[in-house]
Amino acid sequence: MAELNGALIGRGAEAELWLVGWMGRRAVAKRRVPKAYRLPELDRSLRQSRTKLEARLLREGRLAGVPTPLVYDVDLAPDSCVLTMEYIEGEQAKHLLNRLPLIGARRLSHRIGEAVGRLHTGGIVHGDLTTSNMLLRRGKLYFIDFGLGATTDALEVQGVDLRVLKEAFGSTHAHLGGCFDEMLLGYTTAYDRAAEAVERMKEIAARGRYTDQVEG
Amino acid sequence: MNPTAMLCLGIESTAHTVGAGVVDGRCNVLSNEMETYVPPEGGIHPREAANHHAERVVPVIRAAVEKAGARFSELELVAFSQGPGLGPCLRTGATAARSLAVSLGIPIIGVNHCIAHLEIGRGTTAARDPVLLYVSGGNTQVIAYMASRYRIFGETLDIGVGNLLDKFGRGMGLAFPAGPKIEKSAATNTDPYLPLPYSVKGMDISFSGILTAAEVKRREGAPASALCYSMQETVFAMLVEVTERAMAHAEKDEVLLGGGVAANSRLRQMLGRMAADRGAKMFVPASRLCVDNGAMIAWLGLLMHRSGVRMPLSKTKICQRFRTDEVEVAWRN
């Protein structure tokens, strides 16, 4: 399988990220690599359907009012499955939250909450809400990597989304007092069923999963 | 007292199997006896399994001590499965352990069954810091060590994979345990793969939809061997995928397979291929140490005892929903 023409900038369990040129612009190519351990026909259908789903979620996320990278190209050739999208040259919310004065960090947390609320209102869950998947570029807060996302209105899945985000706030930004609550405030302004989703998040935490601390 | 010479007897009784094993402080398995309750029909009935265990636990313990070439008076510690598992079954093992500890005047220690699967792998293979894919009847978890606990990186949201295979097999008239029969039938298959629901949710998996879908295909006349083949290919791909995710996330380059379903050679092949492709290594303990067994309980008991854990009798209550990440892991740095 040919390498993409560009620089490898990341590798996860499922995909490689390449920095490539696309029509004279810088772009990110996310390639879902074939997995030899599973049947070729199963492998192909999984990679194709996930690539399509991610392209769709990026678009729907934007339509729901959350900036996401523009999808330039979707290539579903059986041995490649590449999603080429806008390269967002921004600063990760993870770094910003640690760098900004508390008041700025709170304001950013509020905006993160609003964006998550808009996604959930639009029937989208992100699936991997960490502060490294949010980038600030020229005042706009972009959400990236919808690879674990889904279209659903289910409170349970929204609760897991919040739980993962809480974990991120707790482990990476533990020193930021009140930021997670500020995030929830933003979430509440953007989503009608916020109270129910937050309640579900607490239930999920109490079940002992997605948590660093043993509760009870 | 020389800690490596210390003998521990472990008692296992979480589900179908009642087992006892003797292990020394170097993780030499001196004996590992077990007997498995096979329901006359259908799935496991906890009380009937517990009755079986109650009848068999004493002979199994005796056999374990005898095979180890030891005397009861030489045992210095007794360990038992405290959970997770079926209440009546767990109680049988715990009662046996308590009586033994009291009559021999030695300490008792209750251990987490899932962690025992991982520790026996570390103790008897070259794995040092693996991600464990633990696949059995009741449990399906991906576990790895992080920040002084064994954390669950992924798990089934409904039933265990062994349970899934048993239920699927029962629909086709295959007796418990159905896994080996499914494996055999799948190996003879020449028909194309039948797509079945593939349900990976982040790091978690769900099996309930696949059972219904396979049942529908069976009623529509799909050949048994094609169903077995497609079931294995789909379910094992799900398991290997979440394991790979956990390895990437936790940054580990070893994978350990444990639980009864670890006996399946197709699963081993797929997991091994995934590991090789990412430059990692796969380890599989001996098959009698993969299934539910007393030796692994004994070894974890020893590790905990040596790290200073002490349990008064009043703290030896069983815990049916004992979670892997509840245990403070004091024996690893």
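Not measured: the values here are computed from a predicted model.

**Thoughts on the sheet that holds strand S3 (residues 25–32) of chain A**
Residues and elements named next belong to chain A.
Moving on, step 1. The five strands lie next to each other as S1-S2-S3-S5-S4, forming an open sheet whose pairing is antiparallel. Edge positions in the sheet fall to strand S1 (6–11) and strand S4 (71–75), since each has one partner strand and no second. In this sheet, neighbouring strand axes are inclined to one another by 20° on average, regardless of whether the strands run parallel or antiparallel.
Moving on, step 2. With five bridges connecting them, S1 and strand S2 (residues 15–22) associate as antiparallel partners. Within S2, the residue paired with Leu8 across the bridge is Trp18.
Moving on, step 3. Helix-sheet contacts for helix H1 (residues 40–63) involve S3, S4 and strand S5 (82–86), and the interaxial angle to S5 is about 20°.

**Description of empty space enclosed by the protein**
Moving on, step 1. Tallied over the full model, the rule gives one cavity of 30 Å³ or more.
Moving on, step 2. Considering only enclosed or pocket space, the largest cavity measures out at about 70 Å³ in volume.
Moving on, step 3. Taken together, A:Ala13, A:Glu14, A:Lys35, A:Tyr37, A:Arg38, A:Arg50, B:Glu241, B:Glu244 and B:Arg245 make up the full set of residues lining the largest cavity.
Moving on, step 4. The dominant element in the lining of the largest cavity, judged by the number of residues it contributes, is helix H7 (residues 224–250) of chain B, at three residues.
Moving on, step 5. Looking at the lining of the largest cavity residue by residue, the classes come out as two nonpolar, no polar and seven charged.

**Observations regarding the pairing of strand S7 (residues 140–146) of chain B**
Residues and elements named next belong to chain B.
Moving on, step 1. Counting buried residues in S7 gives six out of seven residues, a clear majority hidden from the surface.
Moving on, step 2. Sheet topology note: the strand S6 (residues 131–135)/S7 ladder contains four bridges and is antiparallel. Paired with Val135 across the bridge in S7 is Thr140.
Moving on, step 3. Counting the residues between successive antiparallel strands, the hairpin from S6 to S7 contains four residues.
Moving on, step 4. Across six bridges, the pairing between S7 and strand S8 (residues 149–155) is antiparallel.

**A closer look at the pattern of salt bridges**
All names here are of chain A.
Moving on, step 1. Scanning the entire structure with this criterion turns up 37 salt bridges over all chains.
Moving on, step 2. Here Glu114 and Arg118 are joined by a salt bridge, their closest N and O atoms 3.7 Å apart. One end of the pair is Glu114 and the other is Arg118, both in helix H3 (residues 102–121) and four residues apart, which spans about a single turn.
Moving on, step 3. Note on Arg118: relative accessible area 31%, which makes it partly exposed.

**Digging into the nonpolar core**
Across soluble globular proteins, you tend to see nonpolar side chains buried next to one another.
Moving on, step 1. Formed by 55 residues in total, the largest nonpolar core has its most connected members in B:Val135, B:Phe207, B:Met231, B:Val235, B:Leu239 and B:Leu267.
Moving on, step 2. Broken down by element, the residue count for this core peaks at 15 residues, all from H7(B).
Moving on, step 3. Beyond its immediate stretch of four places on either side in the chain, B:Leu239 contacts B:Leu133, B:Val135, B:Thr140, B:Val161, B:Ile205, B:Phe207 and B:Leu267.
Moving on, step 4. A:Leu97, A:Ala105, A:Leu155 and A:Ala197 belong to the second largest nonpolar core, which has 37 residues in total.

**What about the packing of helix H5 (residues 179–190) of chain A against helix H6 (residues 194–206) of chain A?**
Residue and element names in this part refer to chain A.
Moving on, step 1. Relative orientation of the contacting elements H5 and H6 amounts to 140°, with a least axis distance of 9 Å. Here H5 runs over H6; the crossing is right-handed. Residues Phe180, Leu184, Tyr187 and Thr188 of H5 form the contact with H6, whose own contacting residues are Ala194, Ala197, Val198 and Met201.

**Brief notes about H6(A)**
All names here are of chain A.
Moving on, step 1. An ideal rise of 1.5 Å per residue puts 18 Å on 13 residues; H6 measures up with 18 Å between its terminal C-alpha atoms.
Moving on, step 2. If you check which residues of H6 are buried, you get Ala194, Ala197, Val198, Met201, Ile204 and Ala205. An end-on view of H6 places all buried positions within 115° of arc, on one side of the element. Across H6 from its buried face, at more than 90 degrees, point the exposed residues Ala195 and Ala206.

**Comments concerning the interface of chain B and chain A**
Moving on, step 1. Listed by partner, the interface residues are 29 residues for chain B and 19 residues for chain A.
Moving on, step 2. Looking only at chain B, the three residues that lose the most surface to chain A are B:Tyr193, B:Tyr198 and B:Arg245, adding up to 24% of its buried area.
Moving on, step 3. Our enumeration of links across chain B and chain A arrives at four salt bridges.
Moving on, step 4. Here B:Glu244 makes a salt bridge to A:Lys35, at a shortest N to O gap of 3.1 Å.
Moving on, step 5. For the interface between chain B and chain A, the tally reads two residue pairs in polar contact (both at pLDDT 80 or more).
Moving on, step 6. Looking at the side of chain B that touches chain A, the elements that each hand over two or more residues are S8, H7 and helix H8 (265–277) of chain B.
Moving on, step 7. Here the element with the most residues in the side of chain B that touches chain A is H7(B); it accounts for nine residues.

**Re helix H10 (residues 294–306) of chain B**
Residue and element names in this part refer to chain B.
Moving on, step 1. For H10, spanning 13 residues, the distance from its first C-alpha to its last is 18 Å, which sits close to the expected 18 Å at 1.5 Å a residue.
Moving on, step 2. When you tally the buried positions in H10, you get twelve out of 13 residues, the bulk of the element.
Moving on, step 3. Residues of H10 that are buried: Gly294, Ala295, Met296, Ile297, Ala298, Trp299, Leu300, Gly301, Leu302, Leu303, Met304 and His305.
Moving on, step 4. A distance of 3.1 Å separates the backbone nitrogen of Ala295 from a side-chain oxygen at the start of H10, and that oxygen is part of Asn293.

The rules we used
- Residues numbered from 1 in each chain as written.
- Chains lettered and ligands numbered in written order.
- Predicted model: local features only at pLDDT ≥ 70, side-chain atom pairs only at ≥ 80, totals over all residues.
- Heavy atoms only, no water.
- Pairing = 2+ DSSP bridges.
- Helix = DSSP H or I, 4+ residues; strand = E, 2+ residues; numbered from the N terminus.
- Axes fitted to C-alpha atoms, helices over the stretch in contact; angles between N-to-C directions.
- Contact = heavy atoms within 4.5 Å.
- 1 Å grid on protein atoms, 1.4 Å probe; cavity = no way out; pocket = protein on both sides within 12 Å on 5 of 7 lines; lining within 4 Å.
- Points joined across faces, edges and corners; volume = space filled by probe spheres on them.
- Nonpolar A, V, L, I, M, F, W, Y, C, P; charged D, E, K, R; others polar.
- Buried < 20%, exposed > 50% of the residue type's maximum accessible area, 1.4 Å probe, protein only.
- Salt bridge = Lys/Arg side-chain N within 4 Å of Asp/Glu carboxyl O.
- Core = buried A, V, L, I, M, F, W, Y, C linked by side-chain atoms within 4.5 Å.
- Left-handed = near helix turned anticlockwise from the far one by under 90°.
- Expected span 1.5 Å × (residues − 1).
- Arc of directions from axis to C-beta.
- Buried area = accessible area lost by both parts, 1.4 Å probe.
- Polar contact = N/O pair within 3.5 Å; in protein donor to acceptor, adjacent residues only side chain to side chain.

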